[in-house]
Amino acid sequence: MTEATGYGVDESGLKEANGPSPMQIEIYRRMTPEERLRAGIALCMAMRQLKRAAIRSMYPDWTNLEVNNEVKKAFLYAGD
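The present account deals with the structure reproduced in this document. (Residues numbered from 1 in each chain as written. Predicted model: local features only at pLDDT ≥ 70, side-chain atom pairs only at ≥ 80, totals over all residues. Heavy atoms only, no water.)

1. As for the overall build of the protein
- Looking only at helices and strands, one finds 3 helices and 2 strands in the protein.
- Looking at the protein as a whole, 8% of its 80 residues qualify as buried.
- Here the analysis covers contacts within the protein between residues at least 6 apart in sequence; of these, 10% occur between residues at least 24 apart.
- Here the protein displays about 6,700 Å² of accessible surface, and carbon together with sulfur accounts for 59% of that area. (Helix = DSSP H or I, 4+ residues; strand = E, 2+ residues; numbered from the N terminus. Buried < 20%, exposed > 50% of the residue type's maximum accessible area, 1.4 Å probe, protein only. Contact = heavy atoms within 4.5 Å. Areas by Shrake-Rupley, 256 points an atom, 1.4 Å probe, with all protein chains shown as cover.)

So, in structure tokens, the structure goes:
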């Protein structure tokens, strides 16, 4: 990884991102606090939708309540 860009190449030769690109940093700097908050909320919602889809694909016979509870647990205990 190069410190200047925050990007590196993993053992497979694929580029991996380890942080925001300089362009992303500039875009966030130009945003108002409200715009940054809205972007953060949208990202959180997108992560939950992806997690919900993953759980649904692993457990197709679970009810919506079971899937939603598992999504909540996944984010509640994500740092453990």
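2. Examining the packing of aromatic side chains
- One pass over the structure, following the stated rule, counts 1 aromatic pair.
- Centroid distance Tyr59 to Trp62: 4.1 Å. Interplanar angle 10°. Geometry classified as stacked.
- The ring of Phe75 carries Arg48 above its face, with NZ or CZ at 4.7 Å from the centroid. (Phe/Tyr/Trp six-rings, centres within 6.5 Å; stacked < 30°, edge-to-face > 60°. Lys NZ or Arg CZ within 6 Å of the ring centre and 35° of its normal.)

3. Quick notes on the environment of Val67
- Position of Val67 relative to the elements: it lies in helix H3 (residues 64–76).
- On the accessibility criterion, Val67 (1% relative accessible area) is buried.
- Sequence-wise, Val67 and Lys51 are 16 residues apart; in three dimensions their C-alpha atoms are separated by 9.5 Å.

4. Looking at the pattern of salt bridges
- Tallied over the entire structure, the rule returns 3 salt bridges.
- Close ionic contact of Arg30 with Glu26 constitutes a salt bridge, the shortest N to O distance being 2.7 Å. Residue Arg30 and its partner Glu26 are both found in helix H1 (residues 22–30); the two are separated by 4 residues, about one turn of the helix.
- Given the relative accessible area of 34%, Glu26 is considered partly exposed. (Salt bridge = Lys/Arg side-chain N within 4 Å of Asp/Glu carboxyl O.)

5. Section: the packing of helix H2 (residues 33–58) against H3
- At a closest axis distance of 9 Å, the pairing of H2 and H3 adopts a crossing angle of 125°. In this view, H2 runs oblique relative to H3, as classed from their interaxial angle. Considering the relative orientation of H2 and H3, their crossing is right-handed. Residues Met47, Arg48, Lys51, Arg52, Ile55 and Arg56 of H2 pack against Asn64, Val67, Asn68, Glu70, Val71, Lys72, Ala74 and Phe75 of H3. (Axes fitted to C-alpha atoms, helices over the stretch in contact; angles between N-to-C directions. Parallel < 35°, antiparallel > 145°, perpendicular 65-115°, else oblique. Left-handed = near helix turned anticlockwise from the far one by under 90°.)

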